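Examination of the molecular architecture
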Amino acid sequence: MVASPQHEFETQDLLINVGPQHPSTHGVFRMVLTIDGEVVKDVVPYIGYLHRGAEKLCETMDFRQGSGFMDRTEYLAAHNAELSYVMAVEALAGLEVPERAQWIRMILCELNRLSSHFMFLGAFGIDVGVFGTPFIYAWREREAIIDLFEEISGDRMMYAYFRPGGLAWDVPLNFKERVREVLKSTRQGIKDFDELLTQNEIFRARTEGVGTISAEDAIDWGMSGPSIRASGVPLDVRREEPYLKYADVDWDVITGENGDVFDRYYCRLLEMRESVKIIEQCLERLESGIIVPDKMPRMLRAAPGEVYIRTEAPRGEYGIYMVSKGGNRPYRLKVRSACLSNLQALRQMSVDQYVADAILVLGSIDIVLSEVDR
Amino acid sequence: MRGIAKSLMVTLSTFARKPVTRDYPNYHRELPERDRAFPLLLWDKEVDEPFCTGCHACERACPVECMTVLMKDNPNHKSTGGNSSRRKIIDKFWIDYARCMRCNVCVEVCNFDAIAMNNTWQGHELSVHDRKDLVMDLQQLLSLSHGGGIKEWVPVVGQANEQ
């Protein structure tokens, strides 16, 4: 058979499934790519593989039991996830958190941001194609932080350490020196990554100008966290609505310019330096005192009402919308996940890019699928 | 090219660092005393019986419902000629370690300080071939503290920490 001339150069789009079980999707996430040659024409993300109904489960749990489930919604930054939950409960129950507990919470949240961003740096290295080296280096730095968390709370990832009103128990006596020890290795780790990746010409050629999103589009898609700051929007809940003691310490909001993959990476790296700065100031101002209010009721009861509390988790705004009708458990709980909103912009960022860059874009929004699906 | 050379210098300098990994099954690092593995029951050495009276407080508070508790009259009670002041005592106790999410709630609600989180390596190395083997009965839950293998840690709450 002879091919007719008008059909000779016609190409056909190809559908490929990435995931649900794929190492570069950072969890159980499936995206269907329509590709023309090597260029992505369309992306359809499918989520929900990790849905465990954490929000609904929390409606059957009292406030002490519920915070354990928040750990599981955002396992890379469990302190930050717990913080939103306990702050929502405190707002409804009218609890005053002691100073010391607030400073410790702040230190732990920032340390958790560091450990989460290290995880991002390592995983992003793999997405770019530098297998092994940055991943293992990041793991080394993260390990030091996680060991510290284990000494404080007893668990390495699911801390269950923040309680409505304060903390579960006090930090160990050598807390300050241990944190300073960890910060020393962290600072070295950030410097290593700066030299290993940021200044590397191959890495820059691979990441610059890829997956660009403008500030307007990023706002329209409801992105938050480092992903929107990379586009030049100085949106940070810690600065907009300071919670804990963020108004009392001196730090900068890091913003990027181009909103490409490199900026999203570099924003996180610079943000880690700010976190170190915040922790150092917190350590200086941490004084002895009580960690739970003196008049803590044995069974916590919330006043009827509803509250929305948002905090800045490593991946963006982690919000808890809690409705109470009185009693010791929430009537309705809704988690506003930063990952889910950031993920919505995936299509816009990866269309007309190469297939390999679509993976890069997905990695650059630092996705945690358990937070997307809850 | 300068950037690439610098990156290679980082990897080179890592060669000179001390290793951070250890040969795990042969070497067990020391666990912090707050380490939370799975819950187990504590043994009252003074009267030689468990602290637990089977009051169901932990069973009711458990968010994942991994516990089953049954109580009985204490045969060792003073009224029957024994030396214990516990009128009721634990009869049967199961904890499904496969369901437990190690949230520490059971330890906090216990009125008799009878339950604690295992902070030894026995609490972590629990590989079994069958999930049913992870349902621990009373004897298994008590064996570690009966043999004196657990170092108890009492949380510091509600008082100033000198710093």
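Above this text you will find the structure in question.
What you are looking at is a predicted structure, and each value in this text was computed from that prediction instead of being measured. (Residues numbered from 1 in each chain as written. Chains lettered and ligands numbered in written order. Predicted model: local features only at pLDDT ≥ 70, side-chain atom pairs only at ≥ 80, totals over all residues. Heavy atoms only, no water.)

**Description of the packing of aromatic side chains**
Residue and element names in this part refer to chain A. Here the structure, examined in full by the defined rule, presents 16 aromatic pairs over all chains. When the centroid spacing of 6.2 Å and the interplanar angle of 50° are considered together, the rings of F118 and F193 count as tilted. Of the two residues, F118 is situated in helix α4 (residues 99–128) and F193 in helix α6 (residues 175–198); the sequence distance between them amounts to 75 residues. Residue F118 shares its accessibility class with F193, and that shared class is buried. The cationic tip of R105 hangs over the ring face of F162; the distance from NZ or CZ to the ring centre is 5.5 Å. (Phe/Tyr/Trp six-rings, centres within 6.5 Å; stacked < 30°, edge-to-face > 60°. Helix = DSSP H or I, 4+ residues; strand = E, 2+ residues; numbered from the N terminus. Buried < 20%, exposed > 50% of the residue type's maximum accessible area, 1.4 Å probe, protein only. Lys NZ or Arg CZ within 6 Å of the ring centre and 35° of its normal.)

**Section: the packing of helix α5 (residues 133–153) of chain A against helix α1 (residues 2–15) of chain B**
Where α5 of chain A contacts α1 of chain B, the axes come no closer than 12 Å and their chain directions differ by 55°. Considering the angle they form, α5 of chain A stands oblique to α1 of chain B. Between α5 of chain A and α1 of chain B lies a crossing of left-handed hand. Between α5 of chain A, through T133, Y137 and R140 of chain A, and α1 of chain B, the contact on the second element is made entirely by V10, T11 and T14 of chain B. Split by residue class, the contact of α5 of chain A with α1 of chain B holds two nonpolar, three polar and one charged. (Axes fitted to C-alpha atoms, helices over the stretch in contact; angles between N-to-C directions. Parallel < 35°, antiparallel > 145°, perpendicular 65-115°, else oblique. Left-handed = near helix turned anticlockwise from the far one by under 90°. Contact = heavy atoms within 4.5 Å. Nonpolar A, V, L, I, M, F, W, Y, C, P; charged D, E, K, R; others polar.)

**Side note on the layout of surface pockets**
Estimated volume of the largest pocket: approximately 1300 Å³. Taken together, 44 residues form the lining of the largest pocket, with R64 and R163 of chain A together with V107, E108 and V109 of chain B sitting closest to its centre. Counting only elements with at least two residues in the lining of the largest pocket, the list comes to α2 (63–73) of chain A together with α2 (57–61), α3 (105–109) and β6 (115–117) of chain B. Tallying contributions element by element places α3 of chain B first for the lining of the largest pocket, with four residues. Its volume calculated, the second largest pocket comes out at about 1100 Å³. Along its surface, the second largest pocket is lined by 34 residues, and E143, A144 and D147 of chain A together with V20 and R29 of chain B are the ones closest to its centre. At the level of elements, α5 and α6 of chain A are the ones that each hand at least two residues to the lining of the second largest pocket. (1 Å grid on protein atoms, 1.4 Å probe; cavity = no way out; pocket = protein on both sides within 12 Å on 5 of 7 lines; lining within 4 Å. Points joined across faces, edges and corners; volume = space filled by probe spheres on them.)

**Thoughts on the pairing of strand β10 (residues 332–336) of chain A**
All names here are of chain A. Covered by surrounding structure in β10 are L333 and V335 only, the residues R332, K334 and R336 on the alternate face being uncovered. When strand β9 (residues 316–324) meets β10, the two strands line up antiparallel, connected through five bridges. Bridging from a neighbouring strand, V323 pairs with R332 of β10. (Pairing = 2+ DSSP bridges.)

**Some remarks on the packing of α4 of chain A against helix α14 (residues 355–364) of chain A**
Residue and element names in this part refer to chain A. At a closest axis distance of 9 Å, the pairing of α4 and α14 adopts a crossing angle of 175°. Taken together, the axes of α4 and α14 lie roughly antiparallel to each other. Of the residues in α14, those in contact with F120, F124, D127 and V128 of α4 are I359, L360, G363 and S364. Looking at the contact of α4 with α14 residue by residue, the class counts come to five nonpolar, two polar and one charged.

In short, the description is geometric, and any link to function would need to be established separately.
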